[in-house]
Amino acid sequence: MSDSTNNRPGNDNRSLTRKLLLLAAAMFGFGYLLVPLYDVFCEITGFGGRTNSVAEISREDPDFSRSIRVEFVTTVNEYAPWEFVADRDSMEVTPGKMYYATFTARNLTEDKKVAQAVPSVAPISASGHFKKIECFCFTNQEFQANEERAMPLQFIVDPDLPEFVDTITLQYTFYDTVRVSANDGS
Amino acid sequence: MIRKSLLSLLGTLWAGAASADWALNMPRGVTELSAETYDLHMMVFWWCVWIGVVVFGVMIISLVKHRKSRGVEPATFSHSTTAEVVWTIIPVVILLVMAVPAAETMIRLEDSRNPDISVVVTGYQWKWHYRYQDEDIAFYSSLDRPSVEARPKNSGIDPFDVENFLLEVDRPLVVPKGAKVRLLITSNDVVHSWWVPDLAIKKDAVPGIINETWFRAEQTGTFRGQCTELCGKDHGYMPIVVEVVEPDAYIAWVETHQQTGERVATSQ
Amino acid sequence: MTTAVAEAQDAHDEHHGPDKGIRRWLFTTNHKDIGTLYLVFSLIMFFIGGAMALVIRTELMQPGLQFVHPEFFNSMTTMHALIMVFGAVMPAFVGLANWMIPMMIGAPDMALPRMNNWSFWILPVAFGILLSTLFMEGGAPAAGWTMYPPLVLQTGDAFPFLIFSVHLMGISSIMGAINIIVTILNMRAPDMWLLKMPIFVWCWLITAYLLIAVMPVLAGAVTMLLTDQFFGTSFFLAAGGGDPVMFQHIFWFFGHPEVYIMILPAFGVVSEIIPTFSRKPLFGHDSMVYAASSIAFLSFIVWAHHMFTVGMPLSGQMFFMFATMLIAVPTGVKVFNWVATMWRGSMTFETPMLFALAFVFLFTIGGFSGLMLAIAPADIQYHDTYFVVAHFHYVLVPGSIFAVMAGAYYWLPKWTGHMYNESLGKLHFWLSTIFVNVTFFPMHFLGLAGMPRRIPDYSTQFADFNMIASIGALGFGFSQLIFVWVLLTAKKGAKATDRVWEAPKGLEWTVPSPAPYHTFDTPPKARIAQEAFE
Ligand code: HEM
Ligand SMILES: [Cu+2]
Ligand SMILES: [Cu+2]
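Residues numbered from 1 in each chain as written. Chains lettered and ligands numbered in written order. Predicted model: local features only at pLDDT ≥ 70, side-chain atom pairs only at ≥ 80, totals over all residues. Heavy atoms only, no water.

Once that is clear, we can look at the state of the cysteines. All names here are of chain A. Under the definition given, this model contains one disulfide over all chains. Two residues, Cys135 and Cys137, share a disulfide whose sulfurs are 2.4 Å apart. Between Cys135 and Cys137 the disulfide shows an S-S torsion of about 135°. By sign, it is right-handed. According to the relative accessible area criterion, Cys135 is buried, its value standing at 4%. Given a relative accessible area of 6%, Cys137 falls into the buried group. (Disulfide = S-S within 2.5 Å. Buried < 20%, exposed > 50% of the residue type's maximum accessible area, 1.4 Å probe, protein only.)

Here you go:
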């Protein structure tokens, strides 16, 4: 509609429309911005059982007054062709001390396979306090046909782990990366 | 006229209450927290009822008395700051009264310290898998045969002839009475959700994520639930059965299952 | 240059009546024509979505599968929700906005008439695409209207069409919303100040901002699904560093404001009708505006109340519980204001008033169950059960849909110039009200007794209430045919006066009935605009 006849003085339809379109575009961008925001938020709060996905530098500063049980759970997603276990089901750890654990995986196929391990920690209030110094989950893991391999994890449980946590569960889920990237819905 | 629609509501309620074994309400459940949850539910429910009685009461009086057919002249008032402040403040106070016990229960729900047993629960399209962390026991738990046979379209089997139709599994989760059972819940494929109303536990099983929750059953018995997150075509066919037994019976169960090697192959 | 010419032509067209035949509807830029198109479209979608609901309820009438397979059942629940939300409720309110907002604020038309034509005609395309997925390999989308990954990524050939149709719906809504905002802000009669605008206009202004704020977020979320599926991104795929739960957060960041998008215009309609038939001004006009604004604001910070079972830190649960409970306060203010409007009025009970009254009663019941759902520990029991189904149907059917019905009956004489058949209107009202309760009230019990939502079959202990609900649904569905009959015979009734009702307020009642093709070519005189509100 023509701006002149019926508009309130000083109000220009075109510029308001442009501003609103801009707002819509900005909100579309905001939707995408939520992705990194969510990541930051998760790293800070441990929302969604997130733990660090890149190596963390952490000094040893043991607190011998506490002992925490760390349990390992291993899962293979969508029946991916691996056997994947923790060498020990659990261990008692002192917060602030460095520990090692190993996991073993075996490719059950005759083909080369690439896996990605996805870590998750429960309870949520502990996930920000479980620091992985070295982890096979930081990168893809390549397996030759039938290859079996031990994979190391090096971690520290943060001494400021909340009082009300006495057990931490660390889960790794093994994903077949080929399946993920070649996922075409069929 | 509104009274009539209320009558229709009451009719439904009454019909429900009249036939004895129809469950109308949330179960009180068999854990301390399920009872607390039930109490919270009832508290909020009664608050709603009383607020409803007042609001609908005033409205009904108005509908009866302030009609044109009775020759009333309309008043002309169009606001009253006092009234508006009052009916903003009162709800805030009521909400605070509700929020406090709710927050307390929530804090207790999150306290998963000192578990006696840990079970890893994995959702699959469309069954559950249980692995007892400290025993050498792991198995799938799927819809039981009689239900499987009765469920297809035009199966010719009347669901009323099947005991616990769609709520029975081949192998239930067995736990001892009085033990604090910690569940570590995850998924193999899509999102599922593990729910047993009598335990007042519902937690999503998300692929790649481990979720934690817990319960301590105070009573023996068989408690049934279902998957509550849409997970594909057989979402309605992956029930959950938890059998709570006396501690001795549990120890015996663990032994037989370890001996008979009923460690059903898992993906691990 | 060309736009200037086109605009000159628009202006030129104005002085004629409508085009003849199909061209009138395809190329119209007239707000009344476009309003009619939206309303008719939404009615058609209401019946298509309703037919799907009846498929669902017929299957659920008894335990055991009688009519459909589980896959198709899931497609039905998914398509029903998408069609009702984006095809029936939202377009119905946009239709009312198109018809009424220019007349209520004394504007000659919408501010952007050609965009208006586009925003409507995108919709039939969007829903044509969505409905065509019913015939595709792998079936129609079946992952729920919430489209959670990874499940939604298992959709067959329909998947990209689902995404594309959601994009189109979003574009249509955003364009409609922009148009409404520009119209309201720029084209009000000169002496109508913002705060004194009719409450329907106010509610729509707020809704339009909500739409612009959240529809793009939904578009972003489904685009991420699309690229995850086809272009190797991993927004929601854990293996590539993504997180399926993040989708839920983004979806509900859109989703909760979306439910208010579906109810704020309804608040507006009801707030217009109750004063008319109470013969008394709306109680607390300004506080209604503030309440609607605070609801809109709060709706951005409560989304995770849909996710209490997903695994959140305690502090997160607390925050979302308190924020959600807080929404009950402004919602309560609205209800109290309606009751206060009726208080010491001089009421009559024509069909629009009946629907508005049922709205107040039954929406409030939905608000109560909403309050119960807000209590996080209790929500753990309610979540994803029929209790939630009961809640949102109470706020959406006797809530949003009844408000649309009320508005349609209220303004129909202004649109057609004739009174509709009052006895049929009342019959329609009574059958709808009775059946809506028969359908949805028992669902509260089903949910509490343990029946999950979105299941095609259930244990025998749930049989009785399901039977009742199904009977109610069939009754409700067929009662709506009365409404169609009322519309088809709408021009047979007595001639309507310009004011139509005894004491309505607002500029729309100062123009003749039926409203001429062009109204307020020159802004209404100050005095008239003023008086319409005092
Ligand atoms: C007093 C105000 C309200 C409160 C406190 C409230 C609260 C809630 C909560 C907590 C849920 C999540 C339940 C669950 O999944 O466990 C929910 C679901 C829902 N609400 Fe409300 N609600 C309110 C009003 C409304 C209104 C006005 C509408 C729409 C007109 C609405 C539509 C819905 C819908 C559609 C869902 C279900 C979405 C889905 O899971 O598919 N609610 N509500
Ligand atoms: Cu499921
Ligand atoms: Cu919500």
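A word on the coordination of the copper ion (ligand 2). Residue and element names in this part refer to chain B. Taken together, Cys227 (SG), Glu229 (O), Cys231 (SG) and His235 (ND1) make up the protein donors of the copper ion (ligand 2), found 2.1 to 2.5 Å from the metal. With four donor atoms in place around the copper ion (ligand 2) and angles of 85 to 130° between them, the coordination shape is tetrahedral. All donors to the copper ion (ligand 2) come from one chain, and their sequence spacing reads C-x1-E-x1-C-x3-H. Exposure remark for Cys227: the relative accessible area of 1% places this residue in the buried category. (Donors = N, O, S within 2.8 Å, 3.2 Å for Na, K, Ca; no water. Tetrahedral: all angles 85-135°; square planar, octahedral: opposite > 155°, others 65-115°.)

Another aspect to go through is the interface of chain B and chain C. The partner chain C presents 103 residues to the 95 residues of chain B that form the contact. A combined buried area of about 8600 Å² lies between chain B and chain C, and 73% of that area is made up of carbon and sulfur atoms. Broken down residue by residue, the surface that chain B buries against chain C is led by Trp87, Met106 and Leu230 of chain B, which jointly contribute 8%. Glu502 of chain C is the salt-bridge partner of Lys68 of chain B, the closest N and O atoms lying 2.6 Å from each other. Between the two partners, chain B and chain C, sit 23 residue pairs in polar contact (both at pLDDT 80 or more). Of all the secondary structure elements, the ones that give two or more residues to the side of chain B that touches chain C are α1 (2-18), α2 (32-65), α3 (81-109), β7 (201-205) and β9 (221-227) of chain B. Top element by residues in the side of chain B that touches chain C is α2 of chain B. It accounts for 16 residues. (Contact = heavy atoms within 4.5 Å. Buried area = accessible area lost by both parts, 1.4 Å probe. Salt bridge = Lys/Arg side-chain N within 4 Å of Asp/Glu carboxyl O. Polar contact = N/O pair within 3.5 Å; in protein donor to acceptor, adjacent residues only side chain to side chain. Helix = DSSP H or I, 4+ residues; strand = E, 2+ residues; numbered from the N terminus.)

Now for the confidence of the model for chain B. Close inspection of predicted coordinates is inappropriate for parts of the model with low pLDDT. Residues and elements named next belong to chain B. Mean pLDDT for chain B: 87, with 88% of residues reaching 70 or above. The low-confidence segment residues 1-7 (pLDDT under 50) makes 13 contacts with residues lying over four places distant or belonging to another chain. Here the complex is predicted with pTM 0.92, and the ipTM for its interfaces comes to 0.89. (pLDDT = per-residue confidence, 0-100.)

Bringing the interface of chain C and chain A into the picture now. Counting residues at the interface gives 50 residues for chain C, matched by 34 residues for chain A. When chain C packs against chain A, the two sides together hide about 3800 Å² of surface, and 66% of this comes from carbon and sulfur. Among the residues of chain C in contact with chain A, Asn186, Ala239 and Pro313 of chain C are the three that bury the most area, contributing 15% of the side total. Taken together, chain C and chain A are joined by zero salt bridges. The tally of links between chain C and chain A comes to two residue pairs in polar contact (both at pLDDT 80 or more). Those elements that place two or more of their residues in the side of chain C that touches chain A are α6 (158-187), α7 (199-230) and α8 (244-261) of chain C. It is α7 of chain C that provides the largest number of residues to the side of chain C that touches chain A, a total of 11 residues. Considered class by class, the residues forming the side of chain C that touches chain A number 35 nonpolar, eight polar and seven charged. (Nonpolar A, V, L, I, M, F, W, Y, C, P; charged D, E, K, R; others polar.)

The next point concerns the coordination of the copper ion (ligand 3). Residues and elements named next belong to chain C. Those protein atoms acting as donors to the copper ion (ligand 3) are His256 (ND1), His305 (NE2) and His306 (NE2), and they sit at 1.8 to 2.1 Å. Expressed as a motif, the donor residue spacing for the copper ion (ligand 3) is H-x48-H-H. Between the copper ion (ligand 3) and the iron atom of ligand 1 the interatomic distance comes to 4.6 Å. We classify His305 as buried; its relative accessible area is 12%.

This brings us to the site of ligand 1. All names here are of chain C. Around ligand 1 sit 22 residues, and of these Trp145, Asp379, His383, His391 and Arg453 come closest. Within the side chain of His383, a nitrogen or oxygen atom sits 2.8 Å from an oxygen atom of ligand 1. Here a nitrogen atom of ligand 1 and a side-chain polar atom of His391 are 2.9 Å apart. Secondary-structure elements contributing two or more residues to the shell around ligand 1 are α8, α12 (351-374) and α14 (386-416). No other element matches α12, which puts six residues into the shell around ligand 1. Here the residues of the shell around ligand 1 are counted per class, giving 13 nonpolar, seven polar and two charged. (Near = heavy atom within 4 Å.)

Residue and element names in this part refer to chain A. Pairing is mixed across the open sheet formed by five strands, whose spatial order is β3-β1-β9-β5-β7. Each edge of the open sheet is held by one strand with a lone partner, namely β3 (90-93) and β7 (141-143). Going across the sheet, the axis of each strand differs from the next one's by a mean of 30°, ignoring polarity. Looking at chain direction, strand β1 (residues 68-76) and β3 are connected through four bridges and run antiparallel. Looking at β3, one finds that Val70 is bridged to Met91. (Pairing = 2+ DSSP bridges. Axes fitted to C-alpha atoms, helices over the stretch in contact; angles between N-to-C directions.)

Residues and elements named next belong to chain B. A large share of β7 lies buried, amounting to five of its five residues. Burial of β7 is two-sided: the residues Ile201, Lys203 and Ala205 facing one way and the residues Lys202 and Asp204 facing the other way are all buried. Following strand β6 (residues 192-196), the chain reverses through four residues before pairing antiparallel with β7; Ala200 in that reversal takes a positive phi of roughly 55°.

Looking now at helix α11 (residues 314-342) of chain C. Taking 1.5 Å of rise per residue, 29 residues should cover 42 Å, and α11 of chain C covers 43 Å from first to last C-alpha, within 8% of that figure. In terms of burial, α11 of chain C is largely enclosed, as 23 of its 29 residues are buried. (Expected span 1.5 Å × (residues − 1).)

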